[in-house]
2 protein chains.
Amino acid sequence: MLMQGQQAFENVDLGAKAVQGNSLSSLFQMSATETVEAGKAICWEGDAARHLFQITEGVVRLHRIIGDGRRVITAFHFAGDVVGSFLQGDFLFTAEAVTDCKIRRLSRKQFQEEIERSELLRPAYINLLCRETASAHDQLVLLSRKNAEERLCTFLMKLATRDDQSLRQGLLEVPMSRQDIADYLGLTIETVSRSISKLAQRKIVAPDGRHNLRIVNLARLAQLSGNVDDFSERTCHRGSVH
Amino acid sequence: MLMQGQQAFENVDLGAKAVQGNSLSSLFQMSATETVEAGKAICWEGDAARHLFQITEGVVRLHRIIGDGRRVITAFHFAGDVVGSFLQGDFLFTAEAVTDCKIRRLSRKQFQEEIERSELLRPAYINLLCRETASAHDQLVLLSRKNAEERLCTFLMKLATRDDQSLRQGLLEVPMSRQDIADYLGLTIETVSRSISKLAQRKIVAPDGRHNLRIVNLARLAQLSGNVDDFSERTCHRGSVH
DNA sequence: CGAGCGATTGAGGATATTCAATCGGAGTGG
DNA sequence: CCACTCCGATTGAATATCCTCAATCGCTCG
């Protein structure tokens, strides 16, 4: 119903990704692979958006700074994702590598020409834009009406149900820092930390270093995310396209 | 820079709207006009999204219900706006008339065919999708990091700078209820009410009935919105396209 | 082994929520 | 025309959640 969580973090819907993501990927194949060290920026908010990027390896965060320096992370992106698809003039965010990354670059001009030319790429692109918007709306719901625990559980569920590799035998990799998570969820670092601790006390997750979490009770985590029937059947036997 | 507020409420950027909005409008010209009474629904979250709508007259709210009945309004739409552009399968929101409305309906199938056919409509559509995503991101920033006053001021500024008619001689029409505003801003009705009262005390606005506000000090309102340089030059002499 | 830094934990405080009472305009009936 | 009712909006008091400030922990890396 809600489709929440189905596209984790902006556009990671494997069902669709397998089709569209890959077809858009073909555009970037020709480009050279660049290496971006963890913490380094890929582009800056306010600059002319002359390029799009595809992430080949690693994790990227998009953020905006408001007024006095408050930071908002609007999205995380993972291997396979295209960054900047919805830009028209300037970059509306700063993109930074969370982990060491490999990326490919494509000029927006060329991207648009190719999209306009190919009857195959066009629907893939439109599909991507639609999923980005839908995901942004999911995040609106989270920020608007969920409490700290629900936010964190939603976040962890999305990470855990990305069918990359990320969840091997219940062990979830969380590459981003607590501060990143906080700025993504509209909380403070302390509240994130406390929420994780409480989940650990209740034996729903078990932290293992800063960047790993053992998901002990996935079903409970899904319940606590406040996403009703999402993360239930839907995400368990996915692959089916609606 | 930030482009926040430039497209008020999802896609109301008159600069672009004059161009793209109108060209997409042509698609709906053939459809019969339907009348929707204030408060009535136009479509329901979860239903198959077989149609798109264009609003000819009136104001529409889009909302989602989460879990126990918390409501989130993800967008308001006004005359000229297209509703449902980014849907792929089911409706991700319930759309309801805030005021008495006139709408036109178009099947998604036909919409997609026309878009695919016309080299003029396609960029207009893509442009719309991009602006919807950008607007959603503005709203993410608001919900993530702004306090009650900043949220309200941002909302009022967006209303006031829609170059519809809405602001005649400093008198701003606010067609939606306090509850609608609260659910859009991620606040409670009481907090919205109190925030308005405080702005009134400080002589920044002057309420005139439930649905009208005299904007006494627009510049101050802009400052308080927390959108830095937005709503400044940008929104004052708009019409220029970047 | 020590330094540094991210993360955790605790105490106190601020902002927004909740609960409750009152206000006041719009619509209705006498 | 006025009183009455209804319902959305306003206002107040108490509470809760999250934030801020501060101390400590404990990896990670030199």
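Definitions and limits used
Residues numbered from 1 in each chain as written. Chains lettered and ligands numbered in written order. Predicted model: local features only at pLDDT ≥ 70, side-chain atom pairs only at ≥ 80, totals over all residues. Heavy atoms only, no water. Near = heavy atom within 4 Å. Polar contact = N/O pair within 3.5 Å; in protein donor to acceptor, adjacent residues only side chain to side chain. Helix = DSSP H or I, 4+ residues; strand = E, 2+ residues; numbered from the N terminus. Contact = heavy atoms within 4.5 Å. Salt bridge = Lys/Arg side-chain N within 4 Å of Asp/Glu carboxyl O. Buried < 20%, exposed > 50% of the residue type's maximum accessible area, 1.4 Å probe, protein only. Pairing = 2+ DSSP bridges. Axes fitted to C-alpha atoms, helices over the stretch in contact; angles between N-to-C directions.

An unreviewed UniProt entry lists chain A under the name Helix-turn-helix domain-containing protein, with Rhizobium mesosinicum as the source organism.

Visitor: An account of the protein's contact with DNA strand C is requested, with residue identities and associated values reported.
Guide: Near DNA strand C, the surroundings consist of 18 residues, among which A:Ser193, A:Arg194, A:Ser197, B:Ala148 and B:Thr191 are the closest. Sugar and phosphate atoms represent 58% of those atoms of DNA strand C found within 4 Å of the protein. Here A:Arg210 contributes a side-chain N or O atom positioned 3.3 Å from a base nitrogen of DNA strand C. The contact in question runs from a base nitrogen of DNA strand C to an N or O atom on the side chain of B:Glu190, over 3.0 Å.

Visitor: Quick rundown of the protein's contact with DNA strand D? Include the residues and the values.
Guide: Residues in close proximity to DNA strand D total 18 residues, the closest being A:Ala148, A:Thr191, B:Ser193, B:Arg194 and B:Ser197. Counting only the atoms of DNA strand D that lie within 4 Å of the protein, the sugar and phosphate share comes to 60%. A distance of 2.8 Å separates a phosphate oxygen of DNA strand D from a polar atom in the side chain of B:Arg178. The separation between a base nitrogen of DNA strand D and a polar side-chain atom of B:Arg210 is 3.4 Å. Those elements giving two or more residues to the surface near DNA strand D turn out to be α6 (189-201) of chain A together with α5 (178-185) and α6 (189-201) of chain B.

Visitor: Describe in detail the environment of A:Arg214, supporting the description with residues and values.
Guide: Residues and elements named next belong to chain A. With respect to the element layout, Arg214 can be found in strand β12 (residues 212-215). As a C-alpha pair, Arg214 and Ile204 span ten residues in sequence and 8.7 Å in three-dimensional space. With residues up to four places along the chain from it excluded, the contact list for Arg214 reads Gln169, Gly170, Leu171, Ile204, Val205 and Ala206.

Visitor: Could you give an account of the pattern of salt bridges, naming the residues involved and the relevant values?
Guide: For the structure on display, the rule yields 26 salt bridges over all chains. For A:Glu114, the salt bridge is made with A:Arg117, and the minimal N-O distance between the two is 3.5 Å. Here A:Arg117 and A:Glu114 lie together in helix α2 (residues 108-117), a separation of three residues that amounts to about one turn. Judged by its relative accessible area of 18%, A:Glu114 falls in the buried class. We classify A:Arg117 as exposed; its relative accessible area is 59%. Between A:Asp183 and B:Arg145 there is a salt bridge, with its nearest N and O atoms 2.8 Å apart. Here B:Arg145 lies in helix α3 (residues 121-145) and A:Asp183 lies in helix α5 (residues 178-185), a pairing that spans two chains.

Visitor: So what about the sheet that holds strand β2 (residues 41-43) of chain A? Which residues, and what values?
Guide: Residue and element names in this part refer to chain A. Taking strand neighbours across the sheet as the criterion, the four strands line up as β2-β7-β4-β5 in an open arrangement whose pairing is antiparallel. Each end of this open sheet is capped by a strand with a single partner; those strands are β2 and β5 (70-77). Direction aside, the axes of adjacent strands within the sheet are offset by 35° on average.

Visitor: Could you give an account of the interface of chain A and chain B, with specific residues and numbers?
Guide: Contact with chain A, which involves 47 residues of that partner, is made by 47 residues of chain B. Applying the counting rule to chain A against chain B returns eight salt bridges. B:Arg70 serves as the salt-bridge partner of A:Glu150, at 2.8 Å between the closest nitrogen and oxygen. On inspection of chain A and its partner chain B, the count reaches 17 residue pairs in polar contact (both at pLDDT 80 or more). Of all the secondary structure elements, the ones that give two or more residues to the side of chain A that touches chain B are β4 (60-66), β5, α3 (121-145) and α5 of chain A. Considering each element in turn, the side of chain A that touches chain B owes the most residues, 19 residues, to α3(A).

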